[in-house]
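# A look at the structure
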Amino acid sequence: MTFRPLHDRVLVKRVEEESKTKGGIIIPDTAKEKPQEGEVIAVGSGTIKDDGNVRPLDVKAGDRILFGKWSGTEVTVEGQELLIMKESDILGIVG
């Protein structure tokens, strides 16, 4: 199965954070917060403007992004836990 987001939606895979601190302390899974950084897996065709034209999205598959703590909706696609969110939920592109 393939998944293609519609319009201004973006499919994102969270990037896992380190499980150790710089000092070598191992952080258990129960104490970790979900990361707010991810990799774009797929993007929709773009935003439909008032005049009917489509504005392409600023992000593309493969981009590493930052997003808000409560952004997106968790979905499972092909056994992977992913997020689907609107482009406006993305704070910026890393790197």
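Structure first, text after, so check above.
The present account deals with the structure reproduced in this document. (Residues numbered from 1 in each chain as written. Predicted model: local features only at pLDDT ≥ 70, side-chain atom pairs only at ≥ 80, totals over all residues. Heavy atoms only, no water.)

## A word on the nonpolar core
Generally speaking, nonpolar side chains in soluble globular proteins are found buried as a group. What counts, and what does not: Only buried residues count toward a nonpolar core. Its members are Ala, Val, Leu, Ile, Met, Phe, Trp, Tyr and Cys residues joined through side-chain atoms within 4.5 Å. Buried, partly exposed and exposed residues are distinguished by accessible area as a fraction of the type maximum, computed with a 1.4 Å probe on protein chains only: under 20%, between the cut-offs, and over 50%, respectively.
Val10, Val12, Val40, Leu57, Val59, Ile65, Phe67, Leu83, Met85 and Ile90 form the largest nonpolar core, which has 10 residues in total. Core analysis: the second largest hydrophobic core is formed by 5 residues, Ala42, Val77, Leu82 and Ile84 among them.

## Topic: the pattern of salt bridges
Rules: What makes a salt bridge here is a side-chain nitrogen of Lys or Arg within 4 Å of a carboxyl oxygen of Asp or Glu, nothing more.
Under the definition given, this model contains 6 salt bridges. Where Asp8 meets Arg9, a salt bridge forms, and the shortest distance between an N and an O atom there is 3.7 Å. By sharing partners, the salt bridges in this structure join Arg55, Asp58 and Glu87 into a single network.

## Quick look at a nonpolar patch on the surface
Basically, it comes down to this: Every patch collects residues that have over 30% relative accessible area and no salt bridge, joining them within 9 Å if they carry like charges and within 5 Å if they are nonpolar side chains (Val, Leu, Ile, Met, Phe, Trp, Tyr). Each accessible area is a Shrake-Rupley estimate made with a 1.4 Å probe; only the visible protein chains count as cover when residues are assessed. Where helices and strands are cited, they refer to DSSP runs of H or I of at least four residues and of E of at least two residues respectively, numbered from the N terminus.
Side chains of Leu66, Leu91 and Val94 sit close together on the surface and give an oily, nonpolar patch of about 270 Å² of accessible area. With respect to the helices, strands and loops of the structure, Leu66 is situated in strand S5 (residues 64-67). We classify Leu66 as partly exposed; its relative accessible area is 38%.

## Topic: the pairing of S5
Filter applied, for reference: Pairing between two strands requires that DSSP report at least two bridges joining them.
Along S5, the buried face is formed by Ile65 and Phe67; none of Arg64 and Leu66, which line the opposite face, is buried. In the sheet, strand S2 (residues 37-43) pairs with S5 via 3 bridges, with the strands oriented antiparallel. The partner of Glu39 across the bridge, within S5, is Arg64. By the bridge criterion, 4 bridges tie S5 to strand S8 (residues 90-94) in an arrangement that is antiparallel. When the bridges of S8 are listed, Phe67 appears paired with Ile90.

Read these as geometric descriptors, not functional statements.
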